[in-house]
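# Descriptive structure summary
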Protein chains: 2
Amino acid sequence: MLTFHSEETKKRQARTELYGGTLVPPFECPERVDIIIDRVRQVGLGEVRLPGTYGLEPVLAIHDARYIDFLETAWDEWVAAGLEGEPIPSIWPARRLRSDVIPDNIDGKIGYYALAAETSLSPGTFEAADTSKDIALSALDHVLHTGEPAFGLCRPPGHHAAVDQYGGYCFFNNAAIAAQCALNDGMQRVAILDIDFHHGNGTQDIFYDRDDVLFLSLHGEPNDAFPYYLGFADETGQGKGESFNVNYPLPRHTDYAAWSQALDQAIARIRAYRPELLIVSLGVDTFEKDPISFFKLKSEEFIDCGRRLKQIGLPTTFLMEGGYAVEEIGINTVNVLTGFDGD
Amino acid sequence: MLTFHSEETKKRQARTELYGGTLVPPFECPERVDIIIDRVRQVGLGEVRLPGTYGLEPVLAIHDARYIDFLETAWDEWVAAGLEGEPIPSIWPARRLRSDVIPDNIDGKIGYYALAAETSLSPGTFEAADTSKDIALSALDHVLHTGEPAFGLCRPPGHHAAVDQYGGYCFFNNAAIAAQCALNDGMQRVAILDIDFHHGNGTQDIFYDRDDVLFLSLHGEPNDAFPYYLGFADETGQGKGESFNVNYPLPRHTDYAAWSQALDQAIARIRAYRPELLIVSLGVDTFEKDPISFFKLKSEEFIDCGRRLKQIGLPTTFLMEGGYAVEEIGINTVNVLTGFDGD
Ligand SMILES: [Zn+2]
Ligand SMILES: [Zn+2]
């Protein structure tokens, strides 16, 4: 399987993450990419290619133009305001407050566009997000042109990013951008299967009222896991999108036996939809040793996951999402891909 | 003028405030109370009394019961979850997320009940908030029984706290609790004038659809100042409350000449309402040297402010809100009160 990768993704070098009331080095660190690409090469997964350049047009097809401008300028505005740490929101349009006016003040603007506070902005974040999207679209293009699977080693991840919101380490929704491009290329139906530990709230929200993208997510139940306020089983889509959103919330300590049962259900739903393309939002924070998640998948079980995905029989684009047990992130990620390749 | 004061308010001893992407010692510090009470004694403002005890019933008349439980137990739940810093929300029911389910997880629960992240929870916060409310009600009782003015040296402040939300250093809305008690005591109309630098979003929200409490707030315009997402001039109340909410947002660098013009407009509106009681949410973060605000009031001008409030001719309860230029907080606060007393 081909991998698309760029060192530019490491331009995101945030120093701080708000975690448990303290500021710690971000769990979503650039080393994740190094360790995955090393493993890709070690097992000989296949050629590693640089991404092409796609510009902002495909981003504008998913994200709000003012949001994109904000991401591009926020760091400079923050520094100009004389603030010393990294940009972290300290207030937001909470319940009982308005969300129809975007403040001029950078502090208020950040709160407007953030959906969470763990994700500090930093210089280079916009460039990294832009490259991450290029990686996703390069992987998609390869799949569209050859029918062969491809792996986009995206960083930053994308599935939490909504039309005009960043957070959960995500800025541009790579999977949504890729799905929209496939549709623009002439496809009628695309399925996005999100197997990251966390609910793909951004992807769900983007396609919630549409029937041309089937979105399915297996994740820690929101009562107990980030992003807490979305990802319940009763969220099934709305309007034309009714029944095209499928959530599989799973409890603390879920092991592969239970997880793969939900996966099989999701696979059955995908087959019934008869999509022309499968995009896998590939997070490996389902791993038993993940420091911020609570499922119990073991390294070797990711191989079986890849096998099951292969059996769907669709052109498949894998896009990297989360995974924070950095030491094992290469093994776990590549296990899914080699499982898919049938090695 | 009588002052109600208790050392119990200093049981709130939070260590951290999220400010500009860093964790700093809280601007809303216990020393504020020491400096104000010292000044009260120094100028001989009047007797200083301990508050009575009113229990939680008056709090339940304003705040949600589950919210009160949350405030009482959050610290212990946080510690039990093994989190090391002070409780600070890192995600919340943002735009595009749900707000109809309260998570079980303490991290998600905090985000549900917080409206901002600068206000760390801490052991003792609940007790201090409970005492702060007792101080407000003791000051109110004195005013109701004697017709004489009184000053409740509340800490923590209250005006940002909504029915089920804390933030902006506020937990229980002391002014709202006092107003409701006055109404329960038989009054028909109460006016709350909020002269803190920040918009009193909590108080506004609590009484937004009611005509028995007139709420007026002079504050930094929300486009540019905390709480950013409420406090615009077009928020005039709704339903029966229409026209009983009046906001005076004022721009950066507003001096006393401009500020006192808005104050005079508010006073005219209060007179037209013919209330039986005036509650003043007294913040002195309008001061020119306040570290987190942007008005330009000078210390001696607070005396004139007190004089103008006296001319309304109503039974008046002053309740302490903000003010973070700690060195001058005693002088500025007591200047309002001596101005009112006509010294
Ligand atoms: Zn994740
Ligand atoms: Zn204030």
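The shown structure was predicted, so the numbers you read here are calculated from the model rather than taken from an experiment. Residue numbers here run from 1 along each chain, matching the order of that chain's written sequence. The naming scheme follows written order: chains are lettered A onward, ligands numbered 1 onward. Only residues with pLDDT of at least 70 get local features here, since the model is predicted, and only at 80 or more are side-chain atom pairs given and counted; chain-wide, interface and lining totals rely on the full set of residues. Note that water and hydrogens are dropped before the side-chain values are worked out from all heavy atoms of the structure.

### A word on the sheet that holds strand β8 (residues 245-250) of chain B
Residues and elements named next belong to chain B. For the record, the criterion: What makes two strands pair is DSSP finding at least two bridges between them. Only DSSP runs of H or I reaching four residues or more are called helices, and only runs of E reaching two or more are called strands; each is numbered from the N terminus.
Taking strand neighbours across the sheet as the criterion, the eight strands line up as β4-β1-β5-β10-β9-β6-β7-β8 in an open arrangement whose pairing is parallel. In this open sheet, the two strands that pair with only one neighbour each are β4 (48-49) and β8. One ladder, built from two bridges, connects strand β1 (residues 2-4) with β4; its direction is parallel. Looking at β4, one finds that Thr3 is bridged to Val48.

### Some thoughts on the coordination of the zinc ion (ligand 1)
Residues and elements named next belong to chain A. What counts, and what does not: Donor atoms: N, O and S within 2.8 Å of the metal, or within 3.2 Å for Na, K and Ca. Because water is excluded, sites can look incomplete. The geometry test gives tetrahedral to four donors whose angles all lie between 85 and 135 degrees, gives square planar to four donors and octahedral to six donors whose opposite members are over 155 degrees apart with all other angles between 65 and 115, and gives irregular to the rest. Relative accessibility thresholds used throughout: buried, under 20% of the residue-type maximum; exposed, over 50%; partly exposed, between the two (1.4 Å probe, protein chains only).
Donor atoms from the polypeptide that bind the zinc ion (ligand 1) are Asp196 (OD), Asp196 (OD), His198 (ND1) and Asp285 (OD), placed at 2.0 to 2.8 Å. Bound by four donor atoms, the zinc ion (ligand 1) shows angles of 52 to 155° at the metal and therefore irregular coordination geometry. Counting along the primary sequence, the residues that act as donors to the zinc ion (ligand 1) give the motif D-x1-H-x86-D. Of this pair, Asp196 sits in the loop between β6 (190-194) and α7 (201-207) while Asp285 sits in the loop between β9 (277-282) and α9 (301-310), placing them 89 residues apart in sequence. Under the relative-accessibility criterion, Asp285 is labelled buried at 0%.

### What about the packing of helix α1 (residues 31-42) of chain B against helix α10 (residues 326-341) of chain B?
Residue and element names in this part refer to chain B. Short version of the rule: Axis definition: a line fitted to C-alpha atoms, limited for helices to the stretch in contact. Angles are taken between N-to-C directions and run from 0 to 180 degrees. Each angle receives one of four descriptions, namely roughly parallel if under 35 degrees, roughly antiparallel if over 145, roughly perpendicular if within 65 to 115, and oblique otherwise. By convention the crossing between two helices is left-handed if the near helix lies anticlockwise of the far one by an angle smaller than a right angle, and right-handed if it lies clockwise. We call two residues in contact whenever any of their non-hydrogen atoms come within 4.5 Å of each other. Residue polarity is assigned by list, with Asp, Glu, Lys and Arg as charged and Ala, Val, Leu, Ile, Met, Phe, Trp, Tyr, Cys and Pro as nonpolar; anything else, Gly included, falls into the polar class.
Packing of α1 against α10 brings their axes to within 8 Å, and their N-to-C directions diverge by 45°. Here α10 runs oblique to α1, going by the angle between their axes. For the pair α1 and α10, the crossing hand works out as right-handed. In this structure, α1 contributes Glu31, Arg32, Ile35, Ile36, Arg39 and Val40 to the contact, and α10 contributes Val326, Glu327, Ile329, Gly330, Ile331, Thr333 and Val334. Residues belonging to the contact of α1 with α10 are distributed by class as follows: seven nonpolar, two polar and four charged.

### Structural notes on the environment of Asp212(B)
Residue and element names in this part refer to chain B. Worth spelling out the cut-off: Counting of polar contacts relies on pairs of N or O atoms within 3.5 Å, with two restrictions inside protein: one atom must be capable of donating a hydrogen and the other of accepting it, and residues adjacent in sequence are counted only when both atoms are side-chain atoms.
With respect to the helices, strands and loops of the structure, Asp212 is situated in the loop between α7 (201-207) and β7 (213-220). Measuring from C-alpha to C-alpha, the distance between Asp212 and Ala179 comes to 9.4 Å, with 33 residues separating the pair along the chain. Residues in contact with Asp212, not counting those within four places in the same chain, are Leu183, Gln188, Arg189, Val190 and Tyr273. Separated by 3.0 Å, the side chains of Asp212 and Arg210 make a polar contact.

### Some words on the interface of chain B and chain A
Convention followed: Buried area adds together the accessible area that both of two parts lose upon being put together, with accessible area traced by a 1.4 Å probe. Throughout this description, the term salt bridge denotes a Lys or Arg side-chain nitrogen within 4 Å of a carboxyl oxygen of Asp or Glu.
Counting from both sides, the interface comprises 54 residues of chain B and, opposite them, 55 residues of chain A. Across the interface of chain B and chain A, roughly 4,800 Å² is buried in total on both sides, 57% from carbon and sulfur atoms. At the junction of chain B with chain A, the criterion picks out 10 salt bridges. One can count 34 residue pairs in polar contact (both at pLDDT 80 or more) joining chain B with chain A. Counting residues per element, the ones that place at least two in the side of chain B that touches chain A are β3 (22-24), α4 (106-113) and α7 of chain B. Of the residues forming the side of chain B that touches chain A, the biggest block, five residues, is contributed by α4(B). Per-class residue counts for the side of chain B that touches chain A are 28 nonpolar, 12 polar and 14 charged.

### A few points about helix α5 (residues 125-146) of chain B
Residues and elements named next belong to chain B. Here is the rule: To estimate how far a helix should extend, the number of its residues minus one is multiplied by 1.5 Å.
With 22 residues, α5 ought to run about 32 Å at 1.5 Å a step, and its terminal C-alpha atoms sit 32 Å apart, in line with that. Extensive coverage of α5 is indicated by the burial of 16 of its 22 residues. Just downstream of α5 lies Gly147, where phi reads positive at about 80°.

### Considering the state of the cysteines
Residue and element names in this part refer to chain A. Put simply, the rule reads: Pairs of cysteine sulfur atoms within 2.5 Å are what we label disulfides.
Scanning the entire structure with this criterion turns up zero disulfides over all chains. Free of any disulfide, Cys305 has its nearest neighbouring cysteine sulfur in Cys154, separated by 17 Å. Judged by relative accessible area, which is 0%, Cys305 ranks as buried.

### Here's the deal with the relation of the copies chain B and chain A
Just so we agree on the cut-off: Each copy is superposed on the other by least squares, with the fit set by C-alpha atoms of residues at a pLDDT of at least 70 in both.
Each copy superposes on the other: chain B lies on chain A with an RMSD of 0.0 Å after a rotation of 180° and an axial shift of 0.0 Å. These values place the two chain copies in the arrangement generated by a two-fold rotation axis. Among all residues of chain B, the minimum C-alpha distance to the rotation axis is found for Ala94(B), at 3.2 Å. Both copies present the same face, since 100% of the interface residues in chain B are matched by interface residues at the equivalent positions in chain A.

Read these as layout, nothing more, since geometry by itself doesn't imply function.
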